Structure formats: structure tokens, C-alpha cells
Amino acid sequence: MKVRAGDGTVLHVGVTGAGQDVVVLSGGPGCIHYLEDDMLAPRGMRAWYPEPRGVGRSEGGPHNLAQAVADIEAVRRAQGIGSWGVLGHSWGSDLAVRYALDHPDRVRSVVGVAGHGLHKDRTWSQAYESAQHRESDLEIAWEPNVHTALSASFVEWIHEPDLFRQLADTDVSMSFVAPQHDIRPSWPLRQLAALIPNGRFEEVPGVDHNLWSTDPQVWVDLITRLCA
């Protein structure tokens, strides 16, 4: 379907299933919504897939985190959803946290899978870059200008002085999941789970970052359990 954002930009939104509502945020930033697939949806739920503005089938262009959050809210309001679960993969996990902090009364819970975490750490980056040759490349269309704008906005956000105070005070339940063979170090996700009052962390054995592609049944079982 098409949803008009607050500034008139028309966004593409996929939807599948029936039951309690879950909004699904894919990675990037700036990637098309690679999780918009009926076979990858959490079972027994109605899943919403907003494609980021300026990417794929959505109008618009480069934007910041605040606009990304506003676009998610535009979808919720347009569909008359009181509150929903928020599921994010990779970059989508970090965006899910930001959305939950900005709109806690609209979020039932957050599930973040294979996220980056709220940091800009040199040792993390070194570990990630040194292992990139081990990760299989997936052909996912993306918009470099959207990626650059959102990455810059992310860095601004994680430097805000009250960010960790907000995390420590939130009432939203958040689960963070690290695939065992992800080349991205999991310590930032463990820290988030320890900081958030209703936070939890788990590791999924035998899978890597893109388990939605390499192990789709593991992905579906995992997100169905956690989003419930």
C-alpha cells in the first residue's frame, strides 16, 4: 500500500498476515526492505514493512533519524494502530531503539536482531573490518546518499548527553539477539540489554548476520517467539 508521510512524501508499505501488529525495520541504512517477504514474516501476526523514504518504491531522499522515526509514526497513525511491536534487523535494530525512546507509549516491545549498537568504537570497527572477507555478499539494492545522511544523523544521536539516561529510564521491554557467527562483535548488544531495565540478550547458535537469508526457518522461529 501507499502511505503519505506528514510532509506529503508517499511511502511504500508492505503488509502481510493477521493478528497483533508488528512493524519490521530492515537494515542499511539506505537499503530496500529486504525482509518484505511473506515467508519471512512472524507467524500469527500482522507485519508491516515500511520502505525508507528515498529508497526503492518510496518517494523522497536523504533524511535524518528524526524523519525516519516520523515516517514510522505516519504508518501507524494511517492504519489506526494504537501500539505495536517493533522488530529490527541490523541497522533496523538501532532504529527500533530510537523509535521506542521517542514513542514509548506506541511500542509494545522491541526485538533487535544482529544490531550494531549505540556506539562508534574503533576496536569494534577493526574487528568487523578484519573479518569482512568471511561474510557472504548479498546483492541488496541501496541508496548511498540516504545511507550517508542517516549514518551522520546516527553519530549525532549517540553523542547526545542524555541518551544513556533515557535508556536506563525506559519502560519498554527490549530483546537483543546476536547470531553466533556474526562478524560484528556482540558486546554493544550485551551492554544495551544490561542497561535497559526490561532488557535481555541471547545468542543464536550456528548462524551468521543474514540468517533471514541463510537460515530462514531459524529466523521465522526466532522472531515469532520473541515478538510474541
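Trainee: Tell me about the overall build of the protein chain, residues and numbers included.
Mentor: Helices and strands together make up the secondary structure of the protein chain, namely eight helices and eight strands. For 228 residues, the compact-globule formula gives about 17 Å, and the C-alpha radius of gyration of the protein chain, at 16 Å, lands near that figure. Dimensions of the protein chain, computed from the C-alpha atoms along their principal axes, are close to 40 × 40 × 35 Å. Counting contacts in the protein chain only where the partners sit at least 6 residues apart, residues at least 24 apart contribute 75% of the total. Total accessible area computed for the protein chain in this model is approximately 10200 Å², and 47% of it derives from carbon and sulfur atoms. Of note, the protein chain has its 19 positive side-chain charges centred 4 Å away from the centre of its 29 negative side-chain charges.

Trainee: Can you break down the side chain of threonine 224 residue by residue, with the values?
Mentor: Its location among the elements puts threonine 224 in helix H8 (residues 216-227). When its relative accessible area of 13% is taken as the criterion, threonine 224 is described as buried. Here arginine 43 takes part through its backbone nitrogen, which lies 3.0 Å from a polar atom of the side chain of threonine 224.

Trainee: Lay out the packing of aromatic side chains in plain terms, naming residues and giving numbers.
Mentor: For the structure on display, the rule yields four aromatic pairs. Aromatic pair tyrosine 34 and tryptophan 212: ring centres 4.7 Å apart, planes at 20 degrees, arrangement stacked. Here the residue tyrosine 34 occupies a position in the loop between strand E3 (20-25) and strand E4 (45-50), and tryptophan 212 occupies one in helix H7 (residues 211-214), the gap between them amounting to 178 residues. What makes tyrosine 34 buried here is its relative accessible area of 12%. Exposure remark for tryptophan 212: the relative accessible area of 11% places this residue in the buried category. One aromatic cluster is present, formed by Trp91, Phe154 and Trp157 through successive ring pairs.

Trainee: Before we move on, could you go through the environment of glycine 88 and cite the residues and values that matter?
Mentor: With respect to the secondary-structure elements, glycine 88 resides in strand E5 (residues 84-89). For the pair glycine 88 and threonine 148, spaced 60 residues apart in sequence, the C-alpha separation works out to 20 Å. The contact partners of glycine 88, leaving out residues within four places of it in the chain, are Leu25, Ser93, Val111, Gly112 and Val113.

Trainee: How would you sum up the sheet that holds strand E2 (residues 10-17)? Please name residues and give values.
Mentor: Reading across the sheet, the eight strands line up as E1-E2-E4-E3-E5-E6-E7-E8 and stay open at both edges, with mixed pairing between neighbours. At either end of the open sheet lies a strand with only one pairing partner, and these are strand E1 (2-4) and strand E8 (199-204). Taken pair by pair, the neighbouring strands of this sheet meet at an average axis angle of 25 degrees, ignoring direction. When E5 meets strand E6 (residues 107-113), the two strands line up parallel, connected through six bridges. Residue pairing in the sheet places glycine 88 in a bridge with glycine 112 of E6. Helix-sheet contacts for helix H1 (residues 65-78) involve E1, E2, E3, E4 and E5, and the interaxial angle to E1 is about 110 degrees. Where H8 meets the sheet, it contacts E3, E4, E5, E6, strand E7 (174-179) and E8, and its direction lies at approximately 165 degrees from that of E8.

Rules of the game
Residues numbered from 1 in each chain as written. Predicted model: local features only at pLDDT ≥ 70, side-chain atom pairs only at ≥ 80, totals over all residues. Heavy atoms only, no water. Helix = DSSP H or I, 4+ residues; strand = E, 2+ residues; numbered from the N terminus. Rg over C-alpha atoms; globule rule 2.2 N^0.38 Å. Contact = heavy atoms within 4.5 Å. Areas by Shrake-Rupley, 256 points an atom, 1.4 Å probe, with all protein chains shown as cover. Lys, Arg positive; Asp, Glu negative; His and termini not counted. Charge placed at Lys NZ, Arg CZ, Asp CG, Glu CD. Buried < 20%, exposed > 50% of the residue type's maximum accessible area, 1.4 Å probe, protein only. Polar contact = N/O pair within 3.5 Å; in protein donor to acceptor, adjacent residues only side chain to side chain. Phe/Tyr/Trp six-rings, centres within 6.5 Å; stacked < 30°, edge-to-face > 60°. Pairing = 2+ DSSP bridges. Axes fitted to C-alpha atoms, helices over the stretch in contact; angles between N-to-C directions.

Functional significance is not addressed by these values, which are geometric in nature.
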